[in-house]
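Residues per chain, in single letters:
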Amino acid sequence: QKEVEQNSGPLSVPEGAIASLNCTYSDRGSQSFFWYRQYSGKSPELIMSIYSNGDKEDGRFTAQLNKASQYVSLLIRDSQPSDSATYLCAVNTGRRALTFGSGTRLQVQP
Amino acid sequence: DAGVIQSPRHEVTEMGQEVTLRCKPISGHNSLFWYRQTMMRGLELLIYFNNNVPIDDSGMPEDRFSAKMPNASFSTLKIQPSEPRDSAVYFCASITSGGNYGYTFGSGTRLTVV
């Protein structure tokens, strides 16, 4: 079992819709969780962090964490074509270094 | 703030040659990480340093890979001899130690070994 799992996609949504990206992790001791966005040919860019159960909102982005289910999600409201990218889930598993999922490719159709 | 600076941006080399990748972390960041990204394996941690000391090098694939951090503002990742399977994008990232914050990544070095 991979430490951090994501559906590779592509996830295709129409412009203006809500995109829902999901991630599961295996280490129950994980303490911090991050979402990165990576455009093709570019480096990962941090967009959200979450540390406690529940929702955290930042603009059009909402991160959701459920430690009991070992599940993290990212919602993108009012999706725009510029949101088309690969979204990486990253988890601090206690090794003091982030472990990344393989990423979900999001396509927002104009 | 210039961000994390990596060089070169692209490197094409022949199998068997030595390759050196360079990284300058953000000033004040005292943890530095080297990751490798491929389509097949995604982002993999190779090694990380805290206060210039290597903490976890369990991700270094084999003895052909070595990394150093001689001071707080510079790190190198060396591959000797290089092989075609080393072709990947190599990212350096830094963070303030002790913080549970996301990393800042450099622009990466795209390595092609032919």
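These numbers were taken from a predicted model, which means no experiment stands behind them.

Draft legend 1. Structural detail: the state of the cysteines. Residue and element names in this part refer to chain A. According to the stated counting rule, one finds two disulfides over all chains in the structure shown. One disulfide bridge connects Cys23 with Cys89, the sulfur atoms lying 2.1 Å from each other. Its torsion about the S-S bond being -70°, the disulfide of Cys23 and Cys89 is classed as left-handed. Taken as a pair, Cys23 in strand S3 (residues 19–25) and Cys89 in strand S9 (residues 85–92) lie far apart in primary sequence, 66 residues in all. The pair formed by Cys23 and Cys89 is uniform in burial state, with each residue classed as buried.

Draft legend 2. Looking closely at the confidence of the model for chain A. Across chain A, pLDDT averages 94, with 96% of residues at or above 70. The least confident element of chain A is strand S10 (residues 98–100) of chain A, whose mean pLDDT is 92; the most confident is strand S8 (residues 71–76) of chain A, at 98.

Draft legend 3. Region of the structure containing the side chain of Thr104 of chain A. Residue and element names in this part refer to chain A. Among the structural elements, Thr104 can be located in strand S11 (residues 104–109). In terms of polar contacts, Thr104 uses its side chain to reach the backbone carbonyl oxygen of Asn7, at 2.4 Å. Contacts of Thr104, omitting those with residues within four sequence positions, involve Gln6, Asn7, Ser8, Gly9, Leu11, Leu21, Ala85, Thr86 and Tyr87.

Draft legend 4. Expanded view of the environment of Thr96 of chain B. All names here are of chain B. Take Thr96: it is sitting in the loop between strand S9 (88–95) and strand S10 (104–105). Judged by relative accessible area, which is 38%, Thr96 ranks as partly exposed. Thr96 sits 70 residues away from Ile26 along the chain, and the two C-alpha atoms are 9.1 Å apart. In this structure Thr96 touches Gly28, His29 and Asn30, once residues within four positions along its chain are discounted.

Draft legend 5. Quick peek at the pairing of strand S6 (residues 53–56) of chain B. Residues and elements named next belong to chain B. Direction of pairing for strand S5 (residues 42–50) relative to S6: antiparallel, over a ladder of three bridges. Paired with Asn50 across the bridge in S6 is Val53. Hairpin connection of S5 to S6: two residues between the antiparallel strands, including Asn51 at a positive phi of 50°.

Draft legend 6. The sheet that holds strand S3 (residues 19–24) of chain B, seen in detail. All names here are of chain B. Taken together, four strands build an open sheet; the order of strands is S1-S3-S8-S7 and the sheet is antiparallel. Edge positions in the sheet fall to strand S1 (5–7) and strand S7 (65–71), since each of these pairs with one other strand and no more. Going from strand to strand, the sheet's axes swing by 15° on average, the running direction of each strand aside. Bridge count between S7 and strand S8 (residues 74–79): five bridges; the pairing is antiparallel. When the bridges of S8 are listed, Ser66 appears paired with Lys78.

Draft legend 7. Focus on the pattern of salt bridges. All names here are of chain B. Applying the stated criterion to the full structure yields eleven salt bridges over all chains. Between Glu44 and Arg36 there is a salt bridge whose closest N-O contact spans 3.6 Å. Of the two residues, Glu44 and Arg36, neither departs from the other in class, the shared state being buried. Across the pair Arg85 and Glu62 runs a salt bridge whose closest N-O atoms are separated by 3.3 Å. Taken together, the residues Arg85 in the loop between S8 and S9 and Glu62 in the loop between S6 and S7 connect sequence positions 23 residues apart. Its relative accessible area of 54% is what places Arg85 among the exposed residues. Within the structure, one salt-bridge network assembled from shared partners comprises Glu62, Arg64, Glu83, Arg85 and Asp86.

Draft legend 8. How the structure looks around the nonpolar core. Counting 23 residues, the largest nonpolar core has Trp35, Val72, Leu74, Ile76 and Tyr87 of chain A as the members making the most contacts within it. Of all elements in the fold, only S3, strand S4 (32–38), strand S5 (45–50), strand S7 (61–66), S8, S9 and S11 of chain A reach the threshold of two or more residues within this core. In terms of nonpolar packing, the next biggest core, distinct from the first, is built from 21 residues, Leu21, Phe49, Phe65 and Ala88 of chain B among them.

Draft legend 9. A look at the interface of chain A and chain B. With 17 residues of chain A in contact, the opposing surface of chain B contributes 18 residues. The contact between chain A and chain B buries some 1,400 Å² in all, and 49% of this surface belongs to carbon and sulfur atoms. In this assembly, chain A and chain B are joined by zero salt bridges. For the pair chain A and chain B, the interface holds five residue pairs in polar contact (both at pLDDT 80 or more). The set of elements that each furnish at least two residues to the side of chain A that touches chain B consists of S4, S9 and S10 of chain A. The element contributing the most residues to the side of chain A that touches chain B is S4 of chain A, with four residues.

The rules we used
- All residue numbers refer to position in the chain's written sequence, counted from 1.
- Following the order in which they are written, the chains are lettered starting with A and the ligands numbered starting with 1.
- Restriction of local features to residues with pLDDT of at least 70 applies here, the model being predicted, together with a cutoff of 80 or more for giving and counting side-chain atom pairs; totals for whole chains, interfaces and linings are based on all residues.
- Computation of side-chain values: all heavy atoms of the structure, hydrogens and water removed.
- The term disulfide is used for any two cysteine sulfur atoms that are within 2.5 Å.
- Think of it this way: any DSSP run of H or I at least four residues long counts as a helix, any run of E at least two long counts as a strand, and we number them from the N terminus.
- Relative accessibility decides the category of a residue: with a 1.4 Å probe and only protein chains considered, values under 20% of the type maximum give buried, values over 50% give exposed, and everything between is partly exposed.
- Values of pLDDT, which run from 0 to 100, indicate the predictor's confidence residue by residue.
- A 3.5 Å cut-off defines polar contacts: any pair of N or O atoms within that distance qualifies, except that in protein one atom must be a possible hydrogen donor and the other a possible acceptor, and neighbouring residues in sequence count only when both atoms are side-chain atoms.
- In this analysis, two residues are considered to be in contact whenever any of their non-hydrogen atoms come within 4.5 Å of each other.
- Being paired, for any two strands, means DSSP has found at least two bridges between them.
- For helices, the fitted line uses only the C-alpha atoms of the stretch in contact; every axis is such a line through C-alpha atoms, and the angle between N-to-C directions lies from 0 to 180 degrees.
- Between Lys or Arg on one side and Asp or Glu on the other, a salt bridge is scored when a side-chain nitrogen of the former is within 4 Å of a carboxyl oxygen of the latter.
- What makes a nonpolar core is a set of buried Ala, Val, Leu, Ile, Met, Phe, Trp, Tyr and Cys residues whose side-chain atoms join them at distances within 4.5 Å.
- Once two parts are joined, some of their accessible surface, as seen by a 1.4 Å probe, is lost; buried area is that loss totalled over both.

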